[in-house]
Amino acid sequence: MEHLTIGELSARSGVAPSALRFYEREGLIHASRTSGNQRRYDRAELRRVAFIKIAQQVGVSLDEIREALASLPENRTPTKADWSRLSARWRYRLQERIGVLERLRDQLSGCIGCGCLSLQRCKLVNPSDRLAVSGAGPQMILNPPAE
């Protein structure tokens, strides 16, 4: 099996060596050591790093990633079927994030429902600060009223 140095894994994965060392300390990826104590990664670790990177991009915490990777038999690299099974846990959260991002995109230049009432438009969109009962912050984005 071909082994990669930390520099090669970094270049191929797009993840900084310091992050790879952190992932290793956290038990997310694994390396063997040469007689000179240099790290060597199985080529299959590229898939684990890709899994970690994508999961982080969609907002999955390192604890959740660790739990997902630990659920694999013999701590092996996730397959396409594994990714599908593991990511199904995060599907609802992803849909929520997509909804928030779409609302933000659509309302970015308008009212976000913060309750500021500082703009003329707020008098129309949020009269008497009615969104305050939904909670603090940008309620039009986080918890839009039902249409």
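Residues numbered from 1 in each chain as written. Predicted model: local features only at pLDDT ≥ 70, side-chain atom pairs only at ≥ 80, totals over all residues. Heavy atoms only, no water.

A. Inspection of the overall build of the chain at higher detail. From N to C terminus, the chain includes eight helices and three strands. Overall, the chain shows an N-to-C arrangement of helices and strands of β-α-α-β-β-α-α-α-α-α-α. Burial statistics for the chain: of 147 residues in total, 27% are counted as buried. Excluding contacts between residues fewer than 6 apart, the proportion of contacts in the chain whose partners are at least 24 apart in sequence is 52%. (Helix = DSSP H or I, 4+ residues; strand = E, 2+ residues; numbered from the N terminus. Buried < 20%, exposed > 50% of the residue type's maximum accessible area, 1.4 Å probe, protein only. Contact = heavy atoms within 4.5 Å.)

B. Layout of the pairing of strand S3 (residues 39–42). Here two bridges tie strand S1 (residues 3–4) to S3, and the two strands are oriented antiparallel to one another. Following the sheet pairing, His-3 is matched in S3 by Asp-42. Of the pairings in the sheet, the one linking strand S2 (residues 32–33) to S3 comprises two bridges and is antiparallel in character. Its bridge partner being in S3, Arg-33 is matched across the sheet by Arg-39. With antiparallel pairing between neighbouring strands as the criterion, S2 and S3 make up a hairpin whose turn holds five residues, including Asn-37 at a positive phi of roughly 65°. (Pairing = 2+ DSSP bridges.)

C. View of the packing of aromatic side chains. Taken as a whole and judged by the stated rule, the model has two aromatic pairs. Ring centres of Phe-22 and Tyr-23 lie 6.3 Å apart, and the angle between their planes is 55°; this geometry places the pair in the tilted category. For Tyr-23, a relative accessible area of 7% gives the class buried. Relative to Trp-90, the ring of Phe-51 lies with its centre 6.2 Å away and its plane at 50°, an arrangement referred to as tilted. Of this pair, Phe-51 sits in helix H3 (residues 45–57) while Trp-90 sits in the loop between helix H5 (80–88) and helix H6 (91–107); the two residues are 39 residues apart in sequence, bridging distant segments of the chain. The buried category is assigned to Phe-51, whose relative accessible area is 5%. (Phe/Tyr/Trp six-rings, centres within 6.5 Å; stacked < 30°, edge-to-face > 60°.)

D. Seen up close, the sheet that holds S3. Taking strand neighbours across the sheet as the criterion, the three strands line up as S1-S3-S2 in an open arrangement whose pairing is antiparallel. Of all the strands in the sheet, just S1 and S2 have a single pairing partner and so form its edges.

E. Structural view of the environment of Arg-66. Relative to the assigned elements, Arg-66 resides in helix H4 (residues 62–70). A C-alpha to C-alpha distance of 8.1 Å links Arg-66 and Glu-26, two positions 40 residues apart in sequence. In this structure, Arg-66 is in contact with Glu-26 and Leu-28, ignoring residues within four places of it in sequence. A distance of 2.4 Å separates the side chain of Arg-66 from the side chain of Glu-26, its partner in a polar contact. (Polar contact = N/O pair within 3.5 Å; in protein donor to acceptor, adjacent residues only side chain to side chain.)

F. Spatial organisation of helix H2 (residues 17–25). Three or more residues of H2 are buried, namely Leu-20, Tyr-23 and Glu-24. Along the axis of H2, the buried residues cluster in a sector spanning 100°; they form a single face. For H2, the secondary structure elements touched by its buried residues are helix H1 (6–13), S2, S3, H3 and H4. Positive phi appears at Gly-27, one or two residues downstream of H2, with a value of about 80°. (Arc of directions from axis to C-beta.)

G. Region of the structure containing the pattern of salt bridges. The full count for this structure, using the stated rule, is eight salt bridges. Asp-63 is paired through a salt bridge with Arg-66; the nearest N and O atoms lie 2.7 Å apart. With Asp-63 and Arg-66 both in helix H4, this residue pair falls three residues apart, about one helical turn. For Arg-85, the salt bridge is made with Asp-82, and the minimal N-O distance between the two is 3.6 Å. Of this pair, Arg-85 and Asp-82 are both found in helix H5, three residues apart, which corresponds to roughly one turn of the helix. Via salt bridges that share partners, Glu-24, Arg-33 and Arg-39 belong to a single interconnected network. (Salt bridge = Lys/Arg side-chain N within 4 Å of Asp/Glu carboxyl O.)

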